Amino acid sequence: MSLLEVTNLRVRYDTPRGPVWAVDQVSFKLDAGETVALVGESGSGKSTTALAILGLVAFSGGTVETGEIWFGGKNLLALREDELRAVRASEIALVFQDATAALNPFLTIGLQIAEVLEVHRGLSRREALVAAGKALGDVGIAEPEARLASFPHELSGGQRQRALIAMSLIAKPKVVIADEPTTALDPALALLVLDLLRREREQNGAGVLLVSHDLELVASEAKRVHVMYAGRVAESADADELFAAPWHPYTAALWRARPRLDGERPKRLAAVAGAPVDPAALPTGCAFHPRCEFVVERCRRERPDLSGLLRAEGAMSLRSGRRSACFEKERLALPREEASTP
Amino acid sequence: MSSLLELVDLTVAYRERGGPRKLRAVDGVSLVFESGSATALVGESGSGKSTLARALVGLVEHQSGSIRVDGRDVAKLSSRELLAVRRRIQIVFQDPFGSLDPRLSVEEVLAEPLAIHKIGDARSRRARIFALLEAVGLSTQDFGRYPHEFSGGQRQRLAIARALALEPELLILDEPTSALDVSVQAQILNLLASLRERFGLAYLFITHDLALVRQMCERVAVMYFGRVVEESSVEDFFRAPLHPYSRALVALARRSPEARSLLVGADAPSPFALPSGCTFHPRCPQAPELGPRCGDERPTLARLVRERGPSVACHLHDAERAR
C-alpha cells in the first residue's frame, strides 16, 4: 500500500464569476522514500491539491466535493479538525518557501522548534530544546545550542532557511510537501534545501511531494511526475520517460519553450501560443486545445481522459503506469509511424 | 559600436533602517554599455544588481563616481538635458501587477510618458499608441481596457510598450519574466528579441537566470556584494568562467554535482559585516591556495591580456592582467 494515495479529488471554489473547479479528478500515489512531483503553471491546481492533503482547503474558501486522501489507513478527508491537526505537522509537514515569513519574529528559534515536539510528541520543554539543538546541528548550523536563543532576525538568510527546515522535519514526518521550495532562493541555498529534502527521503524514508512550476527541478529531483493543466492531470509518467518523450502536447510545449544552458541556442524560443488557462472560463473539450498544435476536431468537443496507449506498444505503458489525457497521444508517443507533424 | 552608457567607479550606499550602519549596495562599479548590445547583470539577491539598475534611471542617487551618457556625466547636465537623457534609458520592472497604475487605461498608461516629455499632440499621440500596441503584440482594441483585465503576459507587454513610448536606446529589464509562467516567458523573450532587431535597442538584463542570459545576451557582468567580479562575453562565460564565484554560479545553474565543492558553505556573509580583502574569500575554495593575499587585498577588476577578453577581479589571475 502506498504511503499516501489521492483518489478522484475534486475541489470547488465559488467565485463572483461562478463555480471554479481548481482540482478535478486528480489521482496519484506517493510511496515512502520517493519524490513525486506535481508540475504546472498558475491555475493548474497543483497548490490546491497540496492544500487538500493538508486539510486546508476550507480555510482557503474552497470545498472538497469528492475524493479520498488515504494516509496511514485513514481517509484524511473524513477526519475531524482536531484529528487532522495531529496529522499535520507531525506526520505530514509542509516546507515553506519564505523562511522570513514563516518564522515567528517574536519567538526564539529554539522555542519555535521545540513547540512542535511539545505539542505533537508530548516532550517536556527541556527534552524538546535538546532535540531542537540537535536538529539545528543536523541541518548544518554552527554552534546550534547557542542559536536556540536567537531570534529569526539575528540569523542570516541561510541560517533562517536551515532553521525552518529543521522545524518542518523535526517530528520526522512521513510525508513532506514542498511547494516551490526553492523558487525565491539563491542557487546555493536552493541546493541546500534540496539536499536536506533528499536526506530526509533517503535516511528517514519520507515521501516527498514536490509542487513546482520548474521543469528542470522536477526532472532532476522527482521519480514520478504528474503534469497538471486547468485542474486536471494532463500526463503522468516517470520523470526520465516524461522529458525524453512527452505524451502530452502541453508537456512537450513547456519543455521546448524554456531557454537552455547547454546545447543548441535557437534564434527564437519555441513559445507556447496563447495565455495560461483561466480556470473560471475553461474552453470546451480539452482545456489545452486553443493552444495546442496537435488539435483535431474532437478536442474541441470532448474532454480526454487520462489513459495509456491503445496500440500494442501501449502494453509497456500499462506496466509503467504511463498515461496521457490527449486524443492524439499516439502521434507524440509513436512518431515514427506517423508522417512528421508540423 | 559606440559606447552609449558608461559607469565610472559608481557607488550607491544605503543607511540601515533605524541604525547607524551603512551598506554599499553598489561599490565602485565601472562598466561600459555599447549601443545595440545586450548585457546581463547577474548575481544573487543582495548583490546590488537591482540598485544599480535603479541608479541608472535616476530612481536612486549615487554617492560617488559617475554615470556618463555619450561621455557626459549626467550629474552635470541641466534639467532639460537630463530629461533628454532619461528619455533614452527606460526600465521595465519584474512585476507587471505592481508597476502599472490600476486606475489608468491602456491609452493613459501609454500617453503619460509622451505628455511628460511633451511629444506630439493628441492626434499624433494616438497614432503612436496604436503603433506601440502593435509592436508589442497587443490589439488596438485594447486601447480603453485596464491592466486588471489583462493576463500577466499581456501586462508585461503593456509595460514594455510604455518603456518604448519614448523611443529609448537602452532598455533596462529587471527580471522581466520571473513573475510569468514558463509558457508565457518564452513569448515575452521572443518579443524582446524582435524589438531589439527592429529598433536597434540595447538591453541590460538584470536576472539570476543564467539560461535566459545565454539566450538573450552577448555580454555578462557578475556582481557579488556590490562589486563586479567578472565581465566577459556570454560565450567565454559559459565555456570557462574565470572567477571562482562565477564557476559556482554556472555549476549551480547546471545542477552539476561539483557545485557543492565550489562554494565553501551555503551561507553568504551579512552585508553589514563584509569580509576584508576579496569579499568572496571565505566562501572561495581556492583562497587557501593563494595564501593571505585574498583576505588582505581587494582585487580590482582588470582585463586579461586576450583581445576584448574577459575582465576578472580575482588574485588567481593577477599574472595574466593586461598592462
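Residues numbered from 1 in each chain as written. Chains lettered and ligands numbered in written order. Predicted model: local features only at pLDDT ≥ 70, side-chain atom pairs only at ≥ 80, totals over all residues. Heavy atoms only, no water.

1. Regarding the overall build of chain A
Our working rule: In this description a helix means any DSSP run of H or I spanning at least four residues, a strand means any run of E spanning at least two, and both kinds are numbered starting from the N terminus. Atoms considered for the radius of gyration are the C-alpha atoms alone. The globule rule reads 2.2 Å times the number of residues to the power 0.38. Exposure categories follow from relative accessible area, calculated using a 1.4 Å probe and restricted to protein chains: below 20% of the type maximum is buried, above 50% is exposed, and the middle band is partly exposed.
Within chain A one finds 14 helices and 11 strands. Over its C-alpha trace chain A gives a radius of gyration of 22 Å, about what one expects of a compact globule, namely 20 Å for 342 residues. With respect to the three principal axes, the spread of C-alpha positions in chain A is 70 × 45 × 40 Å. Buried residues in chain A amount to 51% of all 342 residues.

2. Points about the overall build of chain B
Where we set the bar: Here, two residues are considered to be in contact whenever any of their heavy atoms come within 4.5 Å of each other. Here the Shrake-Rupley method, with its probe set to 1.4 Å, supplies the accessible areas, and only the displayed protein chains count as covering residues. The charge count includes Lys and Arg as positive and Asp and Glu as negative, but it does not include His or the ends of the chains. Charge coordinates come from a single atom per side chain, which is NZ of Lys, CZ of Arg, CG of Asp or CD of Glu.
From N to C terminus, chain B includes 12 helices and 12 strands. Projected onto the principal axes, the alpha-carbon positions of chain B cover approximately 70 × 45 × 45 Å. Counting only residues that meet the buried cut, chain B has 55% of its 323 residues in that class. Taking the contacts inside chain B whose residues are at least 6 apart along the sequence as the reference set, 62% of them involve residues at least 24 apart. For chain B, the accessible surface area stands at approximately 14,300 Å², while carbon and sulfur atoms represent 50% of it. The average position of the 42 basic charges and that of the 39 acidic charges among the side chains of chain B differ by 2 Å.

3. Section: the nonpolar core
Applied cut-off: Here, nonpolar core means buried Ala, Val, Leu, Ile, Met, Phe, Trp, Tyr and Cys residues that are tied together by side-chain atoms lying within 4.5 Å of each other.
Counting 140 residues, the largest nonpolar core has Val225 of chain A together with Phe205 of chain B as the members making the most contacts within it. Other than its neighbours up to four places away in sequence, Val225 of chain A contacts Ala37, Val39, Val218, Glu235, Ser236, Ala237, Ala239, Leu242 and Phe243 of chain A.

4. Quick word on the pattern of salt bridges
All names here are of chain A. The condition is simple: What makes a salt bridge here is a side-chain nitrogen of Lys or Arg within 4 Å of a carboxyl oxygen of Asp or Glu, nothing more.
Here the structure, examined in full by the defined rule, presents 49 salt bridges over all chains. Across the salt bridge formed by Arg17 and Asp278, the nearest N and O atoms sit 2.7 Å from each other. Of this pair, Arg17 sits in the loop between strand 1 (4-15) and strand 2 (18-30) while Asp278 sits in the loop between helix 11 (249-257) and helix 12 (297-301), and the two are 261 residues apart along the sequence. Residue Glu34 is joined to Lys223 by a salt bridge in which the shortest nitrogen-to-oxygen separation is 3.7 Å.

5. Some thoughts on the interface of chain A and chain B
This is how it is decided: A 1.4 Å probe defines the accessible area here, and the buried area is the portion of it lost by two parts on being joined, summed over both.
Every contact between the two is made by 40 residues of chain A and, on the other side, 34 residues of chain B. Taking both partners together, chain A and chain B bury about 3,100 Å²; carbon and sulfur atoms supply 51% of that area. Together, Leu261, Arg265 and Arg268 of chain A form the three largest contributors to the area buried by chain A at its contact with chain B, with a combined 23%. Viewed at the interface, chain B and chain A are joined by 5 salt bridges.

6. Looking at empty space enclosed by the protein
Quick reminder of the rule: Throughout, the protein atoms alone are placed on a 1 Å grid, and a set of points is a cavity if a 1.4 Å probe fits but cannot get out or a pocket if it is open with protein on both sides within 12 Å along at least five of seven lines; lining residues have an atom within 4 Å of a point. Grid points are joined across faces, edges and corners, and a volume is the space filled by probe spheres set on the points. For this scheme, ten residues count as nonpolar: Ala, Val, Leu, Ile, Met, Phe, Trp, Tyr, Cys and Pro. Four count as charged, namely Asp, Glu, Lys and Arg, and the remainder, Gly too, count as polar.
For the structure shown, the criterion picks out 4 cavities of 30 Å³ or more. Residue lining of the largest cavity: 14 residues in total, with Cys278, Cys284, Cys294, Cys314 and His315 of chain B positioned closest to the centre. Taken together, the residues that form the lining of the largest cavity break down as 10 nonpolar, 4 polar and no charged. Here the second largest cavity defines a volume of roughly 70 Å³. Lining the second largest cavity, in full, are His248, Pro249, Cys286, Phe288, His289, Cys292, Phe294, Val295, Cys299, Pro304, Cys326 and Phe327 of chain A.

7. Considerations on the sheet that holds strand 8 (residues 207-212) of chain A
Residues and elements named next belong to chain A. Defined as follows: Each pair of strands is called paired provided DSSP finds at least two bridges between the two strands. The angle between two axes is taken between their N-to-C directions and runs from 0 to 180 degrees, where each axis is a line fitted to C-alpha atoms and a helix contributes only its stretch in contact.
With mixed pairing, 7 strands are arranged side by side in an open sheet as 6-7-8-3-9-10-11. Here the strands that pair on one side only, and so sit at the sheet edges, are strand 6 (92-95) and strand 11 (323-324). Helix 1 (residues 46-53) contacts strand 3 (35-39), strand 6, strand 7 (175-179), strand 8 and strand 9 (224-229) of the sheet and is inclined by roughly 145 degrees relative to strand 8. Along the sheet, helix 8 (residues 187-204) contacts strand 3, strand 6, strand 7 and strand 8; its crossing angle with strand 7, the most-contacted strand, is approximately 160 degrees.

8. Some details on the domain arrangement of chain A
All names here are of chain A. The cut-off we apply is this: The split into domains, and so the bounds of each, comes from an automatic or database assignment of domains. Residues adjacent in sequence count toward polar contacts only when both atoms are side-chain atoms; beyond that, a polar contact is any pair of N or O atoms within 3.5 Å, and within protein one must be able to donate a hydrogen and the other to accept it.
We note that the domain assignment places domain 1 (4-226) and domain 2 (231-339) within chain A. On a C-alpha basis, the centres of domain 1 and domain 2 stand 29 Å from each other. Facing 20 residues of domain 1, the contacting portion of domain 2 comprises 24 residues. Regarding the contact of domain 1 and domain 2, the summed buried area is about 2,000 Å², with carbon and sulfur atoms giving 50% of it. Applying the counting criterion to the domain 1 and domain 2 interface returns 5 salt bridges. Of the charged contacts, one joins Arg224 and Asp238 as a salt bridge, the two residues approaching to 2.9 Å between their closest N and O atoms. Our count for the contact surface shared by domain 1 and domain 2 stands at 11 residue pairs in polar contact (both at pLDDT 80 or more). Those elements that place two or more of their residues in the side of domain 1 that touches domain 2 are strand 2, helix 9 (215-221) and strand 9. With 6 residues, strand 2 is the single largest residue contributor to the side of domain 1 that touches domain 2. A class-by-class count of the residues in the side of domain 1 that touches domain 2 yields 9 nonpolar, 5 polar and 6 charged.

9. As for the environment of Arg86 of chain B
All names here are of chain B. Along the chain, Arg86 turns up in helix 2 (residues 79-88). Put simply, Arg86 and Arg283 are 197 residues apart on the chain and 39 Å apart in space, counted from C-alpha to C-alpha. Among residues more than four places away in sequence, those in contact with Arg86 are Leu56, Val57 and Gly58.

10. Examining the pairing of strand 2 of chain A
All names here are of chain A. Bridge count for strand 1 against strand 2 is 9 bridges, and the pairing is antiparallel. Along strand 2, the bridge assignment pairs Val6 with Phe28. Adjacent in sequence and paired antiparallel, strand 1 and strand 2 are bridged by 2 residues.

11. Comments concerning the packing of aromatic side chains
Our working definition: For this analysis, a ring pair means two rings from Phe, Tyr or Trp (six-membered ring only for Trp) whose centres lie within 6.5 Å, classed as stacked if their planes differ by under 30 degrees, edge-to-face if by over 60, and tilted for the remaining angles. For a lysine, the NZ atom is tested; for an arginine, the CZ atom; a charge sits over a ring if that atom is within 6 Å of the ring centre and within 35 degrees of the ring normal.
In total, this model carries 11 aromatic pairs over all chains according to the counting rule given. Here the aromatic rings of Tyr203 of chain B and Phe205 of chain B are separated by 5.8 Å at their centres, their planes lie at 90 degrees, and the arrangement is edge-to-face. Of the two residues, Tyr203 of chain B and Phe205 of chain B, both sit in the buried class. For the ring pair Tyr245 of chain B and Phe280 of chain B, a centre distance of 5.2 Å and an interplane angle of 65 degrees mean the geometry is edge-to-face. Of the two residues, Tyr245 of chain B is situated in helix 9 (residues 244-253) and Phe280 of chain B in the loop between helix 10 (259-262) and helix 11 (287-290); the sequence distance between them amounts to 35 residues. Grouping residues by exposure puts Tyr245 of chain B and Phe280 of chain B together as buried. Joined through ring pairs, the aromatic side chains of Tyr224, Phe225, Tyr245 and Phe280 of chain B make up one cluster. Between the NZ or CZ atom of Arg258 of chain A and the centre of the ring of Trp255 of chain A, over which it lies, the distance is 3.7 Å.

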